[in-house]
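What follows is the residue order along each chain.
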Amino acid sequence: MHELAMVRSIYEVINEKVTEYGVKRVKQVKLIVGELTGIEESIMKSCFEIYVQRTPAEGANLIIEYVPIRVMCRDCSHEFETSIPFSDCPHCGTKKFHILSGKELYIESMEVE
Ligand SMILES: [Zn+2]
């Protein structure tokens, strides 16, 4: 499952900090997630809840903030927000883009004890 793999890599980062700072309990984790990752909030939250059982992050509140997909047209350099499936460039009508944002997946902040 896609989300489980994501949770695993996120947990590795959490665990590193827990060890590094001797954290007793993680109360809240804020994630930045690009819409292109296809991560579904409810699945992500339940995977996380199960994965962190019996760890210092058990019961932690997971907050997910989505980053919209922004692209730049390769032909006319027009920048705009889109979703999946990508729409055509509103300026010149092509479908060839550079992706500017939407692939993010990282922990922005953690609240700990
Ligand atoms: Zn264009």
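Remember, it's a predicted structure, so these values are computed and weren't measured experimentally.

A.B. asks: Hey, could you go over the confidence of the model for the protein for me, with residue numbers and the actual values?
C.D. replies: Considering every residue of the protein, the mean pLDDT works out to 95; 99% of them sit at 70 or more. Here helix α1 (residues 2-21) stands out as the element of the protein with the lowest mean pLDDT, 94, in contrast to strand β1 (residues 26-34), whose mean of 98 is the highest.

A.B. asks: Provide a residue-level description of the packing of aromatic side chains, including the pertinent values.
C.D. replies: Ring pairs (aromatic) are described by centroid distance and by the angle formed between their planes. One pass over the full model with this rule turns up three aromatic pairs. Ring plane angle 80° and centroid distance 5.5 Å describe the contact between Phe80 and Phe97, whose orientation is recorded as edge-to-face. Of this pair, Phe80 sits in strand β4 (residues 79-82) while Phe97 sits in strand β5 (residues 97-101), and the two are 17 residues apart along the sequence. Taken individually, Phe80 and Phe97 each receive the classification buried, so the pair is uniform in this respect. Both rings, one in Phe86 and one in Phe97, keep their centres 6.1 Å apart while their planes meet at 55°; by these two values the pair is tilted. Here Phe86, found in the loop between β4 and β5, pairs with Phe97, found in strand β5; they are eleven residues apart in sequence, far enough to count as distant. What makes Phe86 partly exposed here is its relative accessible area of 22%. An aromatic cluster of at least three residues, connected via ring pairs, comprises Phe80, Phe86 and Phe97.

A.B. asks: So, the nonpolar core: which residues are in play, and what are the values?
C.D. replies: Ranked by internal contacts, the top residues of the largest apolar core, which has 20 residues, are Ile14, Val26, Leu31, Met44, Phe48 and Leu62. Those elements that place two or more of their residues in this core are α1, β1, α2 (41-51) and β2 (61-67). Apart from the residues lying within four places of it in its own chain, the contact partners of Leu31 are Ile10, Met44, Leu62, Ile63, Ile64, Glu65, Tyr106 and Ile107. One finds Ile69, Val71, Cys73 and Cys89 within the second-largest nonpolar core, a separate group that totals six residues.

A.B. asks: Before we move on, can you summarise the sheet that holds β4 with the specific residues and values?
C.D. replies: Pairing is antiparallel across the open sheet formed by three strands, whose spatial order is β4-β3-β5. Looking at which strands have only one partner, the edges of the open sheet turn out to be β4 and β5. The average angle at which neighbouring strand axes cross in this sheet is 35°, direction not considered. In this sheet, β4 lies alongside strand β3 (residues 69-73) in antiparallel orientation, the contact comprising four bridges. Bridge assignment links Met72 to a residue of β4, and that residue is Glu79.

A.B. asks: How would you explain the coordination of the zinc ion if you had to name every residue and give the values?
C.D. replies: In ideal tetrahedral geometry, four donors around a metal make angles of 109.5 degrees, whereas ideal octahedral geometry with six donors gives angles of 90 or 180 degrees. Summarising the metal site, the zinc ion is bound by the protein donors Cys73 (SG), Cys76 (SG), Cys89 (SG) and Cys92 (SG), whose distances to it range over 2.3 Å. Given four donor atoms and angles of 104 to 114° at the metal, the environment of the zinc ion is assigned as tetrahedral. Along the chain, the residues donating to the zinc ion fall in the pattern C-x2-C-x12-C-x2-C. Residue Cys76 is found in the loop between β3 and β4, and its partner Cys89 is found in the loop between β4 and β5; the two are separated by 13 residues along the sequence. Note on Cys76: relative accessible area 28%, which makes it partly exposed. Assessed through its relative accessible area of 4%, Cys89 is described here as buried.

Quick notes on the rules
- Residue positions are counted from 1 within each chain, in the order its sequence is given.
- A pLDDT threshold of at least 70 governs which residues receive local features in this predicted model, and a stricter bar of 80 or more applies before side-chain atom pairs are shown or counted, although totals over entire chains, interfaces and linings include all residues.
- Hydrogens and waters are ignored; side-chain quantities use all the structure's heavy atoms.
- Every residue carries a pLDDT, the predictor's confidence in it, which falls somewhere between 0 and 100.
- Counting from the N terminus, the helices are DSSP H or I runs at least four residues long and the strands are E runs at least two residues long.
- Each aromatic pair joins two rings of Phe, Tyr and Trp (for Trp, the six-membered one) with centres within 6.5 Å, and gets the label stacked for planes under 30 degrees apart, edge-to-face for over 60, and tilted for any other angle.
- Each residue is assigned to one of three classes by its accessible area relative to the maximum for its type, calculated with a 1.4 Å probe on protein chains only: buried under 20%, partly exposed between the two thresholds, exposed over 50%.
- Only buried residues count toward a nonpolar core. Its members are Ala, Val, Leu, Ile, Met, Phe, Trp, Tyr and Cys residues joined through side-chain atoms within 4.5 Å.
- We call two residues in contact when some of their heavy atoms are within 4.5 Å.
- DSSP-based pairing: two strands are paired if at least 2 bridges between them are found.
- Fitting a line to C-alpha atoms yields each axis, with helices limited to the stretch in contact; the angle taken between N-to-C directions then spans 0 to 180 degrees.
- Coordination here is defined by N, O and S atoms within 2.8 Å of the metal (3.2 Å for Na, K and Ca), and since water is not considered, a site can look incomplete.
- A four-donor site is called tetrahedral if each angle lies between 85 and 135 degrees; a four-donor site is square planar, and a six-donor site octahedral, when trans pairs exceed 155 degrees and the remaining angles lie between 65 and 115; all other cases are labelled irregular.

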